[in-house]
Each structure stands twice: as structure tokens, then as C-alpha cells.
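A look at the structure
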Protein chains: 4
Amino acid sequence: MTNFASDNVTGVAPEIMDAILRANDEHAAMSYGADNWTDRLNEKASAIFEKDVSVFPVISGTAANVLPISFLTPPYGAIYCHETAHINTDECNASEFYTGGAKLIPLSGVHGKFTADSLSAGIFGKGVPRHSQPALVSITQTTEAGTLYSLNEISEITAVAHNHGLKVHMDGARFANSVAGLGVSPAEMTWKSGVDVLSFGATKNGAMGAELVVFFNKVDTRELEHRRVRGGHFLSKMRFVSAQLSAYLDNDLWLRNANHANAMATRIAENLQKNPSISFVHPVEANILFIRMPRGLVCDLKAAGFEFYEMSTDDPTLVRLVLSFNSRIEDVDNFTKIAQKYS
Amino acid sequence: MTNFASDNVTGVAPEIMDAILRANDEHAAMSYGADNWTDRLNEKASAIFEKDVSVFPVISGTAANVLPISFLTPPYGAIYCHETAHINTDECNASEFYTGGAKLIPLSGVHGKFTADSLSAGIFGKGVPRHSQPALVSITQTTEAGTLYSLNEISEITAVAHNHGLKVHMDGARFANSVAGLGVSPAEMTWKSGVDVLSFGATKNGAMGAELVVFFNKVDTRELEHRRVRGGHFLSKMRFVSAQLSAYLDNDLWLRNANHANAMATRIAENLQKNPSISFVHPVEANILFIRMPRGLVCDLKAAGFEFYEMSTDDPTLVRLVLSFNSRIEDVDNFTKIAQKYS
Amino acid sequence: MTNFASDNVTGVAPEIMDAILRANDEHAAMSYGADNWTDRLNEKASAIFEKDVSVFPVISGTAANVLPISFLTPPYGAIYCHETAHINTDECNASEFYTGGAKLIPLSGVHGKFTADSLSAGIFGKGVPRHSQPALVSITQTTEAGTLYSLNEISEITAVAHNHGLKVHMDGARFANSVAGLGVSPAEMTWKSGVDVLSFGATKNGAMGAELVVFFNKVDTRELEHRRVRGGHFLSKMRFVSAQLSAYLDNDLWLRNANHANAMATRIAENLQKNPSISFVHPVEANILFIRMPRGLVCDLKAAGFEFYEMSTDDPTLVRLVLSFNSRIEDVDNFTKIAQKYS
Amino acid sequence: MTNFASDNVTGVAPEIMDAILRANDEHAAMSYGADNWTDRLNEKASAIFEKDVSVFPVISGTAANVLPISFLTPPYGAIYCHETAHINTDECNASEFYTGGAKLIPLSGVHGKFTADSLSAGIFGKGVPRHSQPALVSITQTTEAGTLYSLNEISEITAVAHNHGLKVHMDGARFANSVAGLGVSPAEMTWKSGVDVLSFGATKNGAMGAELVVFFNKVDTRELEHRRVRGGHFLSKMRFVSAQLSAYLDNDLWLRNANHANAMATRIAENLQKNPSISFVHPVEANILFIRMPRGLVCDLKAAGFEFYEMSTDDPTLVRLVLSFNSRIEDVDNFTKIAQKYS
């Protein structure tokens, strides 16, 4: 089977598994993050982001979203995001839960992106007791459509947010793929464009289960620590999470893995772009492709052992592919070869 | 000043104030609802709704919404409502709070109403762990646009809801005005059309502060009692709330008051409908009018002592009038007389 | 029937009912507290407390407790109170609900009071991520045992609290009876003794349903306003609540009513104190008496039409009497007369 | 350094690390638990417990507690546990958070155990709207004092619970050490003694981060799945958690590891029991020892590289040792040798 269903079906990158094994050999000073791996994450992330950041390791993408979101949003607050954002549609009310009942306000927009204008139009009610109080904007980068906000688009959104006193969160479950896709620096895509806090994903890009919350301004992290405990996300053997992140940040592993995944996606897109029976629903800018193809091809690919999402029973010609750090070029080429039969 | 800003700026109807005074003369057996007024609300409501109902008196519209909503929606659930619904825009996340973090899913639709089709299109994710679980539909009748769902529209919506296993709540803050406007029976507009629970408003229609939650199927009300206490809505001198509701239900006071308010709204609509400088943004079907009028008229009316909402600083020719149980015909006619100058 | 079961079974004091009727005659400028009664509460309370205070009217004792408590306690916080405190045993988890899950830490102590020492011993875990963070102390004055903390006891408790960075809340559902009982000024019993916020009860002492939250330091009340809305405690016809409180604060009505209730309790205590078959479980310091009496006397009193709480089926000789602003001296004397038969 | 501070400072048992590596070699069908390891956990646990159970893998002890607790306790409910229980003192209000505000009622009792009688005395308020509704009892086995409830003690407690309609949860973070310590079967210590749901710990006994929730009666696990997602505990690469648990349940690894840890604790206890300068604060029944020793010995042991908890700065002669699956006999014997100097 060749699994293009999601980048979260993959295993663990060898560099990360090595780090886990090494962490097991050493004896941590103490549990709950009082260890060398955890201690040094701040420093490593600060180097990558060219700024003195505060970081928090957690083990799931949802945890990496809801901890900073609940830190920045009061229970009577409102959170703006794209209507297809993971926090809005795929985390079963986790943001509402952790904030104590804040409201998510979904914004629409093509290719998984909302605009600064639609954000601006959606903000209202500030200071009026009966209205939810605008508190946070969450940008998903890479979007659920596999597209990317440009630096300019991000800056426009964060400017609107900051003008209204809102903070800006970036859901970067596929942050590395975005940096790779835009060809910019991590600093440029975040704090230099006005992002206040980032959920920096690792799991989809080679970790076993590890994500890093990155605050670009110094915050009183003690509140976050309490929130992490009460969420059940304070692991005793935290060093195994930190060891994963440590290896992920070392030697640009995060970026190399993402570059490979993106290159594989691009290869499929380029190979198929002249195929008249195939079209792309969204621009291919990172490691995800939404492809409309003949139903027969869908069946042939499945029969050949390819696994991928069929987006809807109502629309059986629309599929999603996600390429990964360990997708193999021969599988990619075999995929396109089968597709040629339908050109 | 003549206040057409909202029906909640009015005072208390004389019949209801009399009931409050009488409740003060008697000595209640005990506090917390163990009194004659509270005891008999079930029976009075059952007569009006032609069905054996379970009722709960509370003191605010928000409480009347969130208690049944939180009873019927798990914290991982989803609630469907019109995007302009009071529960979505004017209760500062009360539904999210009382449910423990359920998600409100806003549906669009003209004149403050969503359709059965848009509801049907919006329901998804049943049984999938990462998706909010569809749990409840909330219909606002009278809508925030002052319009009414027809019996047929209600039935179509409730059919979709029940097919998907969702319960149906009706936010009837202006329930009486709806019954008056449609000219149907309370039973027809609720359980006979598939509504499971109603927030039956009294405050806007002559009470001091009293609303009645009405369940059309027998429920285990003990859970609701605990939820009422923890919300801070269990009043020791509950009999003064129940006395208001008792007078409100007696002798069709609720319907008579609503008929008057609606008649006053209709009178304005009819008087102004031939006026070419004035238009109505939504059909006038109950006691609320959204009127577009020359800016000069807005100023003249304010100068003449009329109070009403200007809907937006961006759109200074759009105003909202709400007529009440005690709006006076001479004020209504004076209003239209001033408007004639602009015809 | 003569009802000594609780001070919350009584009706409304005539001065307060008059204020309600007057509020109905006037036309409030607008709803939701934009009215003269609400406007002037701050000023009236500031005069009584000899300090520029911030006030919030609400309609229930639970609301008056949980709004300031949730304002001052994070969801990962801990609240210290006596194990018999109303917030711990009689509000069905309202404090846990409104705070988003803070923990109540019950302290024991005789006669319904905990000491500064027991508080000091109970505070721990500050700064440790896995421990609830000490945030608030709540003193019930008058206690559930009908006793009073002396000024000295309050000051000792608030000193411990402030030394540890905790705020101090006073649940004053029977605040007036406490001021009357101690013979001190409202200022002395609150901010001069270190109390940060007070729930100043009116319902048990002659109001229909009204309590006043009083902050002794200027706070940003906007957050409280949002919290009041999402709790469903923002009433459209708020002026009827404010009118009650206005009358309550005027001309020392609050104190006169409390003085009467206390005097009636003292009269019973003095009349019965030499009766060898009767004993008082707690000192009688306000308007509540816990009396141990022969079971025959319990039955005789019930037969004579007296209503009061029997505290436990396991202990049928223990009863609680609560005297009220409108308890009549002849009923009190009739009570003691019946008791003489058992001396 | 020899670390006896806690069993959660240890690394990963070799059998479990092997399973993780094997899980990485295979290609899971899909993410989010749709894999062979997760599928077979139910079967493996059912064999161990001699009953058809429903299981849920999670990654932290707190998650393993709060998911079943929030499934079984309504927001207006009460949870009874020992005052020193982990859920009460070490999870920063996680149970209050996940239940939406339920109340934990702490019971006292020597050696970390409460009795059936103290539970019985603590249950009250059933059916009364203003009281928290008794919903759940949580037994910590092994207790925080390192002691064990006997089968008889458990049965007495669960009988009281069930008589009052409460469910029984067992916090088995050190469940394996309890089974080893009592020498009974897992079935005997759980459902045969009336336990409804177990948090079966693995992390402290050799896993990297894995715990198993075990329901002894068939439950509708769909609600739990939604609760797991909204808590952020639904991992995409769940198979690495399940692989750990799989290895843990295979070939009695859980029991062998626990037997070793207990044996090491017993060895210390036996070696030191005749030492007159040393006393044990609680019976040593599993893998934890609370030892009172001369302050000089505390210092000598630290100087010799032993790490352990000093329980309180106020009481510098009280220390806690926790022995682990990989504690070495030579370290244990070296520990006791140093202690001999003080005999």
C-alpha cells in the first residue's frame, strides 16, 4: 500500500527515533520537563526564529492550538478563523472547551483563506456587554486547502487584528511545509509579519507525537503551565517529547523533511498538469493536492494500492493527496503513470 | 419621550403588577418555588398548549434559552441557528458557557430565517470523533428581523432536525407576537409543528422579569433544577416570578398584549406603505419594523421625542421600531404624521 | 402559620414595593441598566461604605457570589472557604461552573468560622504547575451557623490572604444582620478589615430579588458586564432590581430591617436561656438560632403553626429558626410561651 | 545518580521500546487508531481482566482519569475521593475542568485510605436542587501513601457507592504494583470488587507515555471518543501509544515490572526495619516508602548520589522513595548500607 491519505499516517523519521532512543539511555535529572532536552528547546527555537522566544512542547496538534488560544481568549471572547480551519471543524469543540466557552466566528474565502477585509467586516461589538468580545485571529498556514497565505496577506490580516486589539495565532500544523513552499524565513512568516504565537507542528512531518507552541513575545508562562496540567498534557516523561522536537529542530530536519514532501507534491502536479482529464481544485503550494479526476482513475489507483481521501460521496471525482517526508519518488511516479491512461 | 426602541424598555402591565402585590400579601408555604403560583404554572401552560407540558420559570430570556439548550446539547455538540439569532449574537457566549463548550453553527438566510434546505446542508460529521456532533436546532420566532416562520417552514425544519436525531428549540422571546401574527394556536406553532422545547417570553410583553421554559415532552426535570441552581437562577422568592407568569397566562393576557403591539406595528406599516420616501427592509409580520427613511426624517422624529434604534453608523437611514403592549395609538399616529412631511 | 424557616420566605418590605411601583410609573431612558436607579447605586453605596466603590446589581445571592468570584479566580485557581459555606454546599457547583473549574477548598472550624491559622495551613502549592493556585478566600458573614466573625478575626484572615497574594470575598447574604450584630460600620467590617469585594444581600432582608456586588477597589467593570450577560443575569428591565436596591440603601432601611430581625432573635434567645430543657448550639449573634429542644416541644410548636427547619432526621431535637425584618413580636413571644411548658 | 524520586523519572522498558520500533516499521492502515495495535488492545485487556471490557488508550495519567470521570459525572455532580488523591491535589483542577465544574469532595483517613463509613457519612443532598449530586467515587490504588486497599475494603466502599447510585472509578496509576502487592488477580481487584472503570497506568511502570482506560461494563464509547478529541488527546499516530500498551499487556510485562519494583521496596523496608533510627510512616505494601530518618542520613544519601523527595521543608526528616521496574539491587543495597551507619 502507498499511503497518500495524510501526512499523519507516516511513521517516525530516523533522526527523531534516534533521539528517542538516546533519551532513553540517559537518566533525566527529574520528570515533568526538568531535563536537558526540554531546557534547550527555547534556545534552539530562538535561533531558528531569530528572536528570544518562549516555547511549550505538547503531544498533539489540538493541544498546541488550544493552550495558546485559551491563554489569549477570555471565555466571553470571540476567535476569528477560516470556516474550514482545523480548530473550527476537526477538533470537536476543543477551543470552546479550553477557553471556557469562547465563540469561533467562521470567515469564508476561496482556497481556504480569508482576507483582511473579511476579517475587518466580521469584527464588531467591542465594548458592548451583550456581544462576544473580539480577542483572537487564527490563521492556518498551510491552509486546509493546501494553499499558503503570502507574507503580504498575513501582514494585512495581522494589521487589522492589532488595530482592533486582537492577538494573532498561527496554526502551523504544516508550518514547515509553508516555510518551504514560500521560500521565506520562519521569522518572516511569523513575528515579522505580526504573528503573536505559533503552533509549530512536527507530528505530520516526522515526529511520533510532538508539537511546539512558540510565543514571540515574552509571556508569563506560569499560567500556561497550569493550563497544560489541567488539560492532562503535562507528561511525566516529557523528555521523550522534547527529544523529538530537539532532533526536529536540529540541522534543519524540519525544513528538509518539508522540502521533500513539497517536492513530491509539486512533481505530481507538474506531471499531471497537462493531463486534460485532470484538474486541480486549489493551487498546489505545499504538500497537499485536491484533484478532480475521472471516477475510473480513482478506482484504478485504489486497485493499484494507493490510499487517499475521497472527499465526498456526493462528489466521487474529488480526491485529496497528502505527500510526506518519506513519500517515495517511485510511488509518486507510479501514481502519475496510472493517471496517464486517462489523459 | 415615546420609546419605540424595544419592547423591553416598557414597564409592567397592570394585571401583572397586581399579581405581584397579591403574592406579597400571602405567606408562601416555603421559598424556592414551593408555592401555589409555581405549582399551578404547569397546569395553566398545559391548558394553553393543549398538552401535558413541563414548565420552568426563570427571570431572563438568556436563562430561558440556555437552560433547555444545555439540557439538550452535550459539550461536544453543535447547535444550528440563524446567524442573527439572539443566542448567537446577543448573549455573549451564554450558550457556549452553559453547554460547557458546544459550538453554534450560524446559518444564513433572508429576513432572519434559515430554511430546511440550508439546515440540511449544514448538518455533517455525525459519528465522526473529530467533528462536533449535531444536537440541536434553534428557531427564533419572532425572528430578529421581525418576521415569522410559517407553520410549514417550521415543520420542514423540524422534520430535517428529527431525521438527523436533533432536538428543536424555539426561542420565543416574542412568542406571543408570533402567535398573534400568524393567527394560529400555540399548539400548532410548537409541538404540532415538531418543536421540542420553547422559551416562552413574557418580559418583552408586560412582565417585570419572567420567562417560561416549556417542554412538550415529559423530561426528567431534576437535572434542569440542578442546572438552574448552578446558573444562579434559582430565586428564593420564586413566587414573585411565578405570580407574574400566572397573571400573564390568565385570561389570554399574553395574547391580548401581543395583539395590541402587533396592531400598532401594522398601523404604522399601513400608514407608511404608500409613502414613496420610505421602504420596509423586512416584511412587517409581528411588532417590529425595519424602516429605511430619509435622514432628515430620522432627525425630525428624534427631535419630536421618539426613541428608536439607528441600526448602523454606516447606514444612517435604517432604523428599527418595536411596538409594545402599551404603545399608544396617538403616538403611533403622531409618528406617521411626521413621516408624511417626507412623502 | 408563623414562618421562622428562613428569612427568604418573607415577602417584600413596603418601602421596596413602593420603589418598584414608582419605577413602573416612570419611563426609563433605555433598558439594560441605562436608567436613573442603576446610575445612582454607585453613589449611594459609596456613601454607606465611606469609599468610592464599584457596584453591580444582580437578582440572586448565587449570582452575587459567582460573578466576583469568577472575576477574581482563574480556572486553575483555588478558593478557600468554610466547609459549610453557601458557595460550597448550597449552590450546586455554581462557583466551579462560573470559574471554569476552580477548586473550592473547604476549611473546618467551630461555629461556622475558620481561623486565620487554618487558612494559613491550607494554602500551598503556589507556583507549582500541578497544584491549584491559591486565588481567593471567601468569608461568610453572617455565617451559616448564625455567628459573626469579629473585626479582629476578619483582619487576621485577610492579612494571611493578602500575604499570599489572595483576594478576599465576603458572602454577605446577611451582611446587614452582621453590621447590626457587631454594631460596627459597614466600612469597618469590609475594606477597613481587608475585604476586597462584598456580596451585599437584600433579598433575605426585605427585597423581592436583589443583591449588590460591591468592589472596594476600582476594577475594570467591563469584564464583569460580559460575565453577567453570559450568565443570563443581565436583565432588560434592570431598573426594577435597581429600584429595590435604591430603596434598600435609602434611609438605612437595610440596617433598620436587620436590627429588627436581630432583636427578635435575641428576644427568643434571652427568653429561653434560663430554660434548662433548651440549649443553643451556636452563639446567637445575628438573626439565626440553632436550638436543641425536647422532641415534644418540636411537635407542639409545629402543631401551633410554627414553621422552622428540623436539621436532620437523625437528630430530631435540633432545629433552626431564622427571624426576619417582618417577624412579629407577638409570634416570638408566643413561641417562647409554648417553650416554657418544657422548662 | 540513583533516582528514587519517582517511578515516572525512569526510562522505557526494553520490551516497550522494541514495540515502538516495530510499530514504526509497519505501515498502519490509517491514522487515529485505525491500526492493528489499537484494535487488539480490547482483546488483550479482556483476557487479563477475564471479562469483555472496553478500553481507551491515552498518553497521560491525568487524561486516563478525567476522561472516564467526565463521562460518569454531570457538571452538577460530586466526586468523592481521598483528600490526598492525585485527582484532588496534583492535576490542577483537571477533573473540575473536564466535568464542566463538578465538585471534588475530599475524604480523610489514615495511610491515604478512606473507609466505607467515611464515604457513607459524606454522601448527602441527593435529589435536592441546591446540592451537588453524588455521582462518583474514586479509589486510588496504590494510594499516594504507598498503601493498598484490601479486596474487602474495596468491596465495602463500592457497596456504599452502588447503594447510593454512584459509579466507582479506580485511579490505578500504579495498578500493577497493587496487583503485585496484594497477590490477587486483576479481576478480583476491580470488577469482582465492584469497580466500574479503571485507569490502568503504564507510564510509571515502563512505558514512555501510555495509560489504558478500562470500562468493565459495555459503554457507548462514542461519547468518550468525542471527549478525547476535545481534550486534545486523540493522537494521529495513536499506534505508537497502542504499541506500548500492547507490549505492556503481553507476557505479563506489566506484572513482572511491578513485582520487581515492589520487591526492591520490600528489600529496603526489611533491611531497615530493625534500624532504631528509622521508622516507616505508612505500611510498605507496594513500591513506595515514606521514611523518617535522621537529618544527617538524608544528607549522606544525597551526597552519595541518591535522589528522592524530601516531603516538606517543615519536616526535614521525612523522605519518600519510589522504586521502579528498573531499580537495581546494588543501588538498593548501597542505600541500606549507608543507612546502617545511623543505626
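All residue numbers refer to positions counted from 1 along the written sequence of the respective chain. Here the convention is simple: chains get letters from A, ligands get numbers from 1, in the order in which they are written. Since the coordinates come from a predicted model, pLDDT governs what is reported: local features require at least 70, and pairs of side-chain atoms require 80 or more to be given and counted, while whole-chain, interface and lining totals use all residues. For side-chain calculations, the full set of non-hydrogen atoms in the structure is used, while hydrogens and water are omitted.

Examining the overall build of chain A
Every helix listed is a DSSP run of H or I at least four residues long, and every strand listed is a run of E at least two residues long, numbered separately from the N terminus. Scanning chain A from N- to C-terminus turns up 14 helices and 13 strands. With the principal axes as the frame, chain A shows a C-alpha extent of 60 × 55 × 30 Å. Think of it in three bands: residues with accessible area under 20% of the maximum for their type are buried, residues over 50% are exposed, and the middle band is partly exposed, with areas taken using a 1.4 Å probe on protein chains only. A burial count over chain A gives 64% of its 343 residues as buried. Where accessible areas are quoted, they stem from the Shrake-Rupley method and a 1.4 Å probe; at the residue level, only the protein chains shown are allowed to cover. When the accessible area of chain A is evaluated, it comes to approximately 11,300 Å², of which 49% is carbon and sulfur surface. In summary, the charge assignment counts Lys and Arg as positive and Asp and Glu as negative, without counting His or the chain termini. By convention, the charge on Lys lies at NZ, on Arg at CZ, on Asp at CG and on Glu at CD. For chain A, the separation between the mean place of its 29 positive charges and that of its 37 negative charges on side chains is 2 Å.

Quick look at the pairing of strand β7 (residues 197–201) of chain A
All names here are of chain A. Among the five residues that make up β7, five are buried, leaving the element largely enclosed by the rest of the structure. On β7, burial covers both faces: V197, S199 and G201 on one face and L198 and F200 on the other are all buried. Only strands that DSSP links by at least two bridges are regarded as paired with each other. Bridge count for strand β6 (residues 167–172) against β7 is four bridges, and the pairing is parallel. Across the sheet, G172 pairs through a bridge with F200, a residue of β7. Alignment of β7 against strand β8 (residues 211–215), held across five bridges, turns out to be antiparallel. The residue bridging L198 from the neighbouring strand is V214, located in β8.

Thoughts on the pairing of strand β3 (residues 77–82) of chain A
Residue and element names in this part refer to chain A. Of all six residues in β3, six are buried; the element is thus mostly enclosed. One ladder, built from four bridges, connects β3 with strand β5 (residues 133–140); its direction is parallel. In the strand pairing of β5, G77 is matched with Q133. When β3 meets strand β4 (residues 103–107), the two strands line up parallel, connected through five bridges.

Looking at the sheet that holds strand β4 (residues 103–107) of chain C
All names here are of chain C. Reading across from one edge, β2-β8-β7-β6-β5-β3-β4 is the order of the seven strands in this open sheet, with mixed pairing throughout. Edge positions in the sheet fall to β2 (54–58) and β4, since each of these pairs with one other strand and no more. Across this sheet, the average inter-strand angle for adjacent strands is 20 degrees, counted without regard to direction. The contact rule is simple, with two residues in contact once any of their heavy atoms fall within 4.5 Å. Note on method: axes are straight lines fitted to C-alpha atoms, helices fitted across the in-contact stretch only, with angles between N-to-C directions ranging 0 to 180 degrees. Of the strands in this sheet, β2, β7 (197–201) and β8 (211–215) are in contact with helix α2 (residues 36–49), which crosses β2 at around 120 degrees.

Thoughts on the domain arrangement of chain A
Residue and element names in this part refer to chain A. Just so you know, the domain bounds were taken from an automatic or database domain assignment. Under the domain assignment, chain A is made up of domain 1 (2–8 + 254–342) and domain 2 (14–251). Placing a centre on the C-alpha atoms of domain 1 and another on those of domain 2 gives a separation of 28 Å. Across the contact, 21 residues belong to domain 1 and 25 residues belong to domain 2. What gets called buried area is simply the loss in accessible area from a 1.4 Å probe that two parts show on being joined, summed for both. For the pair domain 1 and domain 2, the summed buried area comes to about 2,000 Å², and 52% of that belongs to carbon and sulfur atoms.

Remarks on the interface of chain C and chain D
At the interface, 22 residues of chain C touch 22 residues of chain D. Regarding the contact of chain C and chain D, the summed buried area is about 1,600 Å², with carbon and sulfur atoms giving 42% of it. Of all residues in chain C, the largest losses of buried area upon contact with chain D belong to C92, N93 and K103 of chain C, amounting jointly to 34% of the total for that side. For salt bridges, the criterion is a side-chain nitrogen of Lys or Arg within 4 Å of an Asp or Glu carboxyl oxygen. In this assembly, chain C and chain D are joined by four salt bridges. Among the salt bridges present, the one from R130 of chain C reaches D90 of chain D, with a minimum N-O distance of 2.6 Å. We call two N or O atoms a polar contact when they sit within 3.5 Å, provided that within protein one can donate a hydrogen and the other can accept it, with sequence-adjacent residues counted only if both atoms are side-chain atoms. Inspection of the region where chain C meets chain D yields 20 residue pairs in polar contact (both at pLDDT 80 or more). Where the side of chain C that touches chain D is concerned, the elements lending two or more residues are α4 (86–89), α5 (94–99) and β4 of chain C. Gly is put with the polar residues, along with every residue not named as nonpolar or charged; the nonpolar set is Ala, Val, Leu, Ile, Met, Phe, Trp, Tyr, Cys and Pro, and the charged set is Asp, Glu, Lys and Arg. Each residue belonging to the side of chain C that touches chain D can be placed in one class, and the counts come to nine nonpolar, eight polar and five charged.

Description of the sheet that holds strand β10 (residues 288–292) of chain B
Residues and elements named next belong to chain B. Reading across the sheet, the four strands line up as β9-β10-β13-β12 and stay open at both edges, with antiparallel pairing between neighbours. The sheet terminates laterally at β9 (279–280) and β12 (309–310), the two strands that pair on one side only. Alignment of β10 against strand β13 (residues 318–322), held across five bridges, turns out to be antiparallel. Following the sheet pairing, I288 is matched in β13 by V322.

Brief notes about the relation of the copies chain C and chain D
Structural alignment of chain C on chain D gives an RMSD of 0.0 Å, achieved by rotating through 180 degrees and translating 0.0 Å along the axis. Given the turn and translation reported, the copies of this chain are related as if by a two-fold rotation axis. Among all residues of chain C, the one whose C-alpha sits closest to the rotation axis is G101 of chain C, at a distance of 2.4 Å. Here 100% of the contact residues of chain C are again contact residues in chain D; the copies associate through an equivalent surface. Copies are brought into register by a least-squares superposition over C-alpha atoms of residues with pLDDT of at least 70 in both.

What to know about the environment of Q133 of chain C
The residue Q133 of chain C is located in strand β5 (residues 133–140) in this model. Relative accessible area serves as the criterion here: at 9%, Q133 of chain C is assigned to the buried category. Contacts of Q133 of chain C, omitting those with residues within four sequence positions, involve H226 of chain A together with Y76, G77, A78, G125, K126, G127 and V128 of chain C.

A word on the packing of aromatic side chains
The rule is short: rings of Phe, Tyr and Trp, with Trp giving its six-membered ring, pair when the centres are within 6.5 Å, and they are stacked under 30 degrees, edge-to-face over 60, tilted in between. Inspection of every chain in the model, using the stated rule, returns 55 aromatic pairs over all chains. Plain terms: the ring middles of F97 of chain A and F97 of chain D are 4.2 Å apart, the flat faces sit at 10 degrees to each other, and that makes the pair stacked. Of the two residues, F97 of chain A is situated in helix α5 (residues 94–99) and F97 of chain D in helix α5 (residues 94–99); the pairing between them involves two chains. Residue class for F97 of chain A comes out buried when judged on its relative accessible area of 4%. Measuring from centroid to centroid gives 5.7 Å for F200 of chain A and W254 of chain A, while their planes differ by 90 degrees, and the two rings are edge-to-face. Of this pair, F200 of chain A sits in strand β7 while W254 of chain A is found in helix α12 (residues 253–272), placing the two residues 54 residues apart along the sequence. On the accessibility criterion, W254 of chain A (2% relative accessible area) is buried.

Description of the interface of chain D and chain A
Quoted interface sizes are often the accessible area lost when the parts come together. Tallying the contact residues gives 46 residues for chain D and 46 residues for chain A. Counting each side, the surface lost to burial between chain D and chain A is near 3,800 Å², with a carbon and sulfur contribution of 61%. Among the residues chain D hides against chain A, the three largest losses belong to F97, R230 and K237 of chain D. Together they make up 20% of the total. Counting the contacts that link chain D with chain A gives zero salt bridges. Applying the counting rule to chain D against chain A returns 22 residue pairs in polar contact (both at pLDDT 80 or more). For the side of chain D that touches chain A, the elements supplying multiple residues, two or more each, are α1 (14–25), α3 (61–72), α5, α10 (221–230) and α11 (239–249) of chain D. Element by element, the count of residues in the side of chain D that touches chain A is highest for α1 of chain D, at four residues. Taken together, the residues of the side of chain D that touches chain A break down into 23 nonpolar, 16 polar and seven charged.

Overview of the side chain of K113 of chain D
Relative to the helices and strands, K113 of chain D resides in the loop between β4 (103–107) and α6 (116–122). Setting aside residues up to four positions removed in sequence, K113 of chain D forms contacts with H82, S108, T143, T147, L148, Y149 and E153 of chain D.

Observations regarding helix α8 (residues 175–182) of chain B
Along an α-helix, residues three or four positions apart point the same way, because every turn accommodates 3.6 residues. Residue and element names in this part refer to chain B. Where burial is concerned, most of α8 is hidden: six out of the eight residues are buried. For α8, the set of buried residues is F175, A176, N177, S178, V179 and A180. Residues of α8 that are buried make contact with α2 (36–49), β6 (167–172), α9 (186–189), β7 (197–201), α11 (239–249) and α12 (253–272).

With respect to the packing of helix α1 (residues 14–25) of chain B against helix α1 (residues 14–25) of chain C
Two numbers describe how α1 of chain B lies on α1 of chain C: the axes approach to 12 Å, and their chain directions differ by 180 degrees. Between α1 of chain B and α1 of chain C, the angle is such that the two are roughly antiparallel. Across the interface between the two elements, M17, I20, L21 and N24 of chain B of α1 of chain B pack against M17, I20, L21 and N24 of chain C of α1 of chain C. For classification purposes, angles smaller than 35 degrees are called roughly parallel, those larger than 145 roughly antiparallel, those between 65 and 115 roughly perpendicular, and all remaining angles oblique.

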